[in-house]
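Structure at a glance
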Amino acid sequence: MKNELCIMPENENYSTIRFNNSERHEIFGASNRNKSIKYGLVIFITPEQHRGRYGIHGSPKDWLWLKELAQNTWQEHYNKTAEDFIDEFGRNYL
């Protein structure tokens, strides 16, 4: 399997490495999808977690904690501020 950059911390709700039948989820999508990939703000989850009724795309409010965690992780990993994050991603999730 292809090794993909992921700076997200280990968590019981997702994997930081691709596994069989997993799907990559870019934490900040739309116009920030490529930035999520570039900076390693991706996770690997099952299809049900990704597109299911209670998954990231099926119930996005339940997964808002993931955007907060990703922003914190990005700021710590790249030694950046909240203002830097806003400049790069256009919004503050904290």
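Below you will find a few notes about this structure. Each chain carries its own residue numbering, running from 1 in the written order of its sequence. Two thresholds apply to this predicted model, a pLDDT of at least 70 for residue-level local features and 80 or more for giving and counting side-chain atom pairs, whereas whole-chain, interface and lining totals are computed over all residues. Only heavy atoms go into the side-chain values, all of them from the structure, while hydrogens and water stay out.

On to the overall build of the protein, then. Across its full length, the protein carries four helices and two strands. Listing the helices and strands of the protein from first to last along the sequence gives β-α-β-α-α-α. Our radius of gyration looks at C-alpha atoms and nothing else; its globule reference is 2.2 Å times the residue count to the power 0.38. In summary, the protein has a C-alpha radius of gyration of 13 Å against a globular reference of 12 Å for 94 residues, a match within 12%. By its C-alpha atoms, the protein is 35 × 30 × 25 Å across when sized along the principal axes. Within the span of the protein, comprising 94 residues, buried residues form 39% of the whole. Contacts are assigned to residue pairs with any non-hydrogen atoms lying within 4.5 Å of each other. Counting only contacts in the protein whose residues sit at least 6 apart along the sequence, the fraction spanning at least 24 positions is 52%. To be clear on the numbers: accessible area is Shrake-Rupley with a 1.4 Å probe, and residue cover counts the displayed protein chains and nothing else. For the protein, the accessible surface area stands at approximately 5900 Å², while carbon and sulfur atoms represent 46% of it. Measuring between centres, the 12 positive side-chain charges of the protein sit 7 Å from its 13 negative side-chain charges. The way it works is that DSSP assigns letters per residue, a run of H or I at least four long becomes a helix, a run of E at least two long becomes a strand, and they are numbered from the N terminus. Only protein chains enter the accessibility calculation, which uses a 1.4 Å probe; a residue whose area is less than 20% of its type maximum is buried, one above 50% is exposed, and one in between is partly exposed. Only four residue types enter the charge count: Lys and Arg as positive, Asp and Glu as negative, with His and the chain ends excluded. Where a charge sits is defined by one atom per residue type, namely NZ (Lys), CZ (Arg), CG (Asp) or CD (Glu).

Moving on, we come to the nonpolar core. By convention a nonpolar core is built from buried Ala, Val, Leu, Ile, Met, Phe, Trp, Tyr and Cys residues, the set being connected through side-chain atoms within 4.5 Å. Counting residues in each nonpolar core, the largest one holds 20 residues, and the members touching the most others are Met8, Ile27, Phe28, Leu41, Ile43, Leu66 and Phe89. For this core, the elements supplying multiple residues, two or more each, are β2 (42–45), α3 (64–77) and α4 (82–89). Here the element with the most residues in this core is β2; it accounts for four residues. Excluding anything up to four places from it in sequence, Met8 contacts Tyr14, Thr16, Ile27, Gly40, Leu41, Val42, Ile43, Leu66, Leu69, Ala70 and Thr73.

What follows deals with the layout of surface pockets. Cavity and pocket criteria rest on a 1 Å grid covering protein atoms alone: a 1.4 Å probe that fits but cannot get out defines a cavity, protein on both sides within 12 Å along at least 5 of 7 lines defines an open pocket, and an atom within 4 Å of a point defines a lining residue. Grid points are joined across faces, edges and corners, and a volume is the space filled by probe spheres set on the points. Reported here for the largest pocket is a volume of approximately 160 Å³. As for the largest pocket, its lining consists of 13 residues, of which His25, Ile27, Ile56, Pro60 and Lys67 are closest to the centre. The set of elements that each furnish at least two residues to the lining of the largest pocket consists of β1 (23–26) and α3. Looking at the lining of the largest pocket element by element, the count peaks at three residues for α3. For the lining of the largest pocket, the class distribution of residues is seven nonpolar, three polar and three charged. All amino acids are sorted into three groups, where Ala, Val, Leu, Ile, Met, Phe, Trp, Tyr, Cys and Pro are nonpolar, Asp, Glu, Lys and Arg are charged, and the leftover types, Gly among them, are polar.

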